[in-house]
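What the coordinates show
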Amino acid sequence: MTSRFKIIFSGPLGAGKSAAIAAVSEVSPVHGEGAAAGPSPANTRMDMDFGAMRLGDGSTVHLYGAPGREPLEATRDILTEGGVGLILLIDSSRNDPLADLAQFVAGFERFIASTGLVIGVTHRDLSATPALDAFADKLAAAGYGAVPVFEADPRDRRDVGILIEALLSLIDPVARA
Amino acid sequence: MKDRRVVRICHAGMEEAEVRRFEVFVRHVENVECRLVDEADADVAMIDTDGELGTYLVRAHRMLFPGRPIIHVSAQGSLGRDALSVWARKPVDPRAFGDAVARALTVASPPVGHGGAAPGAVRRASALAQDRNAERTANLYVGTMSDIDVRDPAQRERASYHAGNYLQGLFESARRFARENGTAAALLHRQDRILTLNANGHSYTTSLDRRSLRSLALIPLVRQDFRIVVGSAREDGPWHPATPLLWELALWAARGRIPFGVPFDAPVRLLRWPNLTRLALTPDAIRIAGLWSGHPTSLLLSARALQVPQRHVFAFFSACRALDLLRLEDAPKNLPASAQPHPSRESASRGLFDRILDKLPGRTSGDAQP
Ligand SMILES: Nc1nc2c(ncn2[C@@H]2O[C@H](COP(=O)(O)OP(=O)(O)OP(=O)(O)O)[C@@H](O)[C@H]2O)c(=O)[nH]1
Ligand SMILES: [Mg+2]
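Keep in mind it's a predicted model, so treat the numbers as computed, not measured.

Points about the packing of aromatic side chains
Residues and elements named next belong to chain B. For the coordinates displayed, the defined rule picks out 12 aromatic pairs over all chains. Relative to Phe316, the ring of Trp247 lies with its centre 6.1 Å away and its plane at 80°, an arrangement referred to as edge-to-face. Of this pair, Trp247 sits in helix α8 (residues 242-254) while Phe316 sits in helix α11 (residues 310-322), and the two are 69 residues apart along the sequence. Per residue, the accessibility class of Trp247 equals that of Phe316, and both read buried.

Structure, rendered in structure tokens:
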């Protein structure tokens, strides 16, 4: 028996959501207005990203992202419906990446509480700070426990694969990706 | 038509300039066609054993490639010779080297050297795991130890190691030295500087190539040959972050074992995830981390729940422990194994954990497994 998982990518403007989905998707990543064919969210006129990949056991992972310029409240419910977890990409070269983290975690609070959360810290080639521990500390202080926090270049297939695999391992460590 | 036999050769302990000379040199070897290849693909290893670290290079290579003949190239004689070693006396000319290769092939078993024509494995186009499959199976971090029966003290001992006997422990001591003294710390082997850590212990520089460093890290060290002294922070770089090195030093020392004294039955909790995109990724590391961050689980039960070799779990544990990312919870006292551990999250996780337990052989749940 195989399964289908839906994973959400979110994060601030330009954090690398579209790049991440494009890096791992085995179908041409769909984006652009009205791109609502197949399993992508119907009736949306937003510039959503959609991608899909197949796991070793035959399961399919669907990857969804929404543009950072849209208000989170406008996209969140469409995005998260049926989702098994959230990959939050935080651009470490922006002004206050820790505030970005806090804002997005708060925005997805209810979704995260019942699913899984992984943080990908992007643009490390442009900024080596804040330290990963600062992100982890902030999450721990907010009561989220040991959240996976990784440096990731969203353009790199291997990095994005590790983010996805970590998320799946939180949901079900016993399954093999 | 006469076939020239193709022999794939790797080297250790040679400087880059030497390697280039050696490449030219092997073209003139008679009777066999030598090809310089990566160490994973070689039929025969060639190791210059005259350097200060020669003995570590040989022993590490033997540990990683137990069945591979080694040509010891030395002016002084062969170091730590075993049945798979031959000696080529320096200076070596192409004829003598050809002879050494021929001897190496005769001591090898099963026969090697019939070209590298093994058909490349057809890789199924799938999934995120694909890129890393090769990395995982080819990786040298988890050793080859088979699962142990922890009721047997001898087997428990076999699955344990003392970090202090390895480069890992020296590195940790050097870091402590640097932090306590507020100075850079240099690790010396006899008179040679092996590596220097900066004053906060966050970065290091080394004179060794990666393979030599690995050889040193794999083998218990002769402690009296090593010293830690005040180093110079102005050492010519390049300087690298210390954490990925310590992670690897722990993996190399542990080779699929755990530090002495760690209980096999205490639930392991992951406090922080290692930065797995930038650290050496060991087999099943992500799944083990996922288990330990949500459901503290003992080393033994983790291997059974995930259906992976114990050495995968032990290796990942040792590396995480070196980075101080774990906590051991109290081992259950007088409880049957089936009573531990408790899932820390509710509802959604419970179904998962039940499934883990269901997968374990010898469980009391209805449909027992063979
Ligand atoms: N240097 C660098 N560039 C990156 C990195 N990650 C993404 N980029 C680039 O940053 C730009 C924005 O990336 P996108 O993938 O479009 O970001 P996004 O999150 O989809 O952005 P919005 O949809 O506008 O919110 C692209 O040019 C990427 O190639 C990184 O880690 N380093
Ligand atoms: Mg985008």
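Structure's up, so let's keep going.
Re the sheet that holds strand β5 (residues 116-122) of chain A
Residues and elements named next belong to chain A. Overall, mixed pairing links the 6 strands, which are arranged β2-β3-β1-β4-β5-β6 in an open sheet. Looking along the sheet, the strands with just one partner apiece sit at the ends: β2 (49-54) and β6 (149-151). Direction aside, the axes of adjacent strands within the sheet are offset by 25° on average. Pairing analysis gives 3 bridges linking β5 to β6, with the strands arranged parallel. From the neighbouring strand, Gly120 faces β6, where its bridge partner is Phe150. Along the sheet, helix α1 (residues 17-24) makes contact with β1 (4-10), β2, β3 (60-65) and β4 (85-91), crossing β2 at roughly 30°. Strands in contact with helix α3 (residues 97-107) are β1, β4 and β5; relative to β4, the strand with the most contacts, it is inclined by about 155°.

Description of the packing of helix α9 (residues 285-294) of chain B against helix α10 (residues 299-306) of chain B
Residues and elements named next belong to chain B. Contact pair α9 / α10: the axes reach a minimum separation of 11 Å and the direction vectors enclose 120°. Comparing the axis directions of α9 and α10 gives the class oblique. In this structure, α9 meets α10 at a crossing whose hand is right-handed. Across the interface between the two elements, Arg287, Ile288, Leu291 and Trp292 of α9 pack against Leu299, Ser302 and Leu306 of α10. Counted by class, the contact of α9 with α10 contains 5 nonpolar, 1 polar and 1 charged residues.

Points about the pairing of β4(A)
Residue and element names in this part refer to chain A. With 7 of 7 residues buried, β4 is to be regarded as a mostly interior element. Residues of β4 alternate between two faces, with Gly85, Ile87, Leu89 and Asp91 on one and Leu86, Leu88 and Ile90 on the opposite face, all of them buried. Bridge count between β1 and β4: 4 bridges; the pairing is parallel. Bridge pairing links Ile8 to Leu86 in β4. The pairing of β4 with β5 spans 7 bridges and is parallel. Considered in β5, the bridge of Asp91 is made with Thr122.

Notes on the pairing of β2(A)
All names here are of chain A. The element β2 is extensively covered by neighbouring structure, given that 5 of its 6 residues are classed as buried. Pairing analysis gives 6 bridges linking β2 to β3, with the strands arranged antiparallel. Each residue of the ladder has a partner; that of Ala52, found in β3, is His62. Between β2 and β3, which pair antiparallel in sequence order, lie 5 residues; one of them, Gly58, sits at a positive phi of approximately 95°.

With respect to the site of ligand 1
All names here are of chain A. Around ligand 1, the surrounding shell holds 16 residues, and the nearest of these are Lys17, Ala19, Gly68, His123 and Asp125. One of the backbone nitrogen or oxygen atoms of Ala15 is found 3.2 Å away from an oxygen atom of ligand 1. The side chain of Asp125 places a nitrogen or oxygen atom 2.8 Å from a nitrogen atom of ligand 1. Contact with the protein chains removes 70% of the 650 Å² of surface that ligand 1 exposes when unbound. A per-element tally of the shell around ligand 1 places α1 first, with 3 residues. Of the residues in the shell around ligand 1, the class split is 6 nonpolar, 6 polar and 4 charged.

Digging into the pattern of salt bridges
Applying the stated criterion across every chain, the model contains 24 salt bridges over all chains. A salt bridge links B:Arg278 to A:Glu151; its shortest N-O distance comes to 3.8 Å. Here the residue B:Arg278 occupies a position in the loop between β13 (268-270) and α9, and A:Glu151 occupies one in strand β6, the pair thus bridging two chains. Under the relative-accessibility criterion, B:Arg278 is labelled partly exposed at 36%. On the basis of relative accessibility, which here comes to 18%, the residue A:Glu151 falls in the buried class. Residue B:Glu329 is joined to B:Arg269 by a salt bridge in which the shortest nitrogen-to-oxygen separation is 3.4 Å. Placement of the pair is B:Glu329 in the loop between β14 (326-328) and α12 (348-359) and B:Arg269 in strand β13, with a sequence separation of 60 residues. A network of salt bridges, in which partner residues are shared, links A:Arg124, A:Glu151, A:Asp159 and B:Arg278.

Some points on the packing of α10(B) against α11(B)
Residues and elements named next belong to chain B. Remark: α10 packs on α11, axes separated minimally by 8 Å, with the N-to-C direction vectors making an angle of 130°. Here α10 lies oblique to α11, going by the angle between them. The chirality of how α10 crosses α11 is right-handed. On α11, the residues touching Leu299, Leu300, Ser302 and Ala303 of α10 are Gln310, Val313, Phe314 and Phe317. The residue inventory of the contact of α10 with α11, partitioned by class, reads 6 nonpolar, 2 polar and no charged.

A look at the nonpolar core
Core analysis: the biggest nonpolar cluster contains 101 residues, and A:Ile7, A:Phe9, A:Ile164, B:Trp247, B:Trp273 and B:Trp292 have the highest contact counts within it. Membership of the second largest hydrophobic core comes to 26 residues, among which are A:Leu86, A:Leu101, A:Ile119 and A:Leu139.

Side note on unusual backbone geometry
Residue A:Thr129 is joined to A:Pro130 through a cis peptide bond whose omega torsion reads -5°. Summarising the element assignment, A:Pro130 is placed in the loop between β5 and α5 (132-141). A cis amide bond links B:Lys90 to the next residue, B:Pro91, at an omega of -10°. You will see that B:Arg190, though not glycine, has its phi angle at about 50°, which is positive. Among the secondary structure elements, B:Arg190 is positioned in the loop between β7 (185-189) and β8 (192-197). Of note, B:Gln307 is a non-glycine position whose phi angle comes to about 55°, a positive value. Mapped onto the secondary structure, B:Gln307 falls in the loop between α10 and α11.

Analysis parameters
Residues numbered from 1 in each chain as written. Chains lettered and ligands numbered in written order. Predicted model: local features only at pLDDT ≥ 70, side-chain atom pairs only at ≥ 80, totals over all residues. Heavy atoms only, no water. Phe/Tyr/Trp six-rings, centres within 6.5 Å; stacked < 30°, edge-to-face > 60°. Helix = DSSP H or I, 4+ residues; strand = E, 2+ residues; numbered from the N terminus. Buried < 20%, exposed > 50% of the residue type's maximum accessible area, 1.4 Å probe, protein only. Pairing = 2+ DSSP bridges. Axes fitted to C-alpha atoms, helices over the stretch in contact; angles between N-to-C directions. Contact = heavy atoms within 4.5 Å. Parallel < 35°, antiparallel > 145°, perpendicular 65-115°, else oblique. Left-handed = near helix turned anticlockwise from the far one by under 90°. Nonpolar A, V, L, I, M, F, W, Y, C, P; charged D, E, K, R; others polar. Near = heavy atom within 4 Å. Polar contact = N/O pair within 3.5 Å; in protein donor to acceptor, adjacent residues only side chain to side chain. Areas by Shrake-Rupley, 256 points an atom, 1.4 Å probe, with all protein chains shown as cover. Salt bridge = Lys/Arg side-chain N within 4 Å of Asp/Glu carboxyl O. Core = buried A, V, L, I, M, F, W, Y, C linked by side-chain atoms within 4.5 Å.

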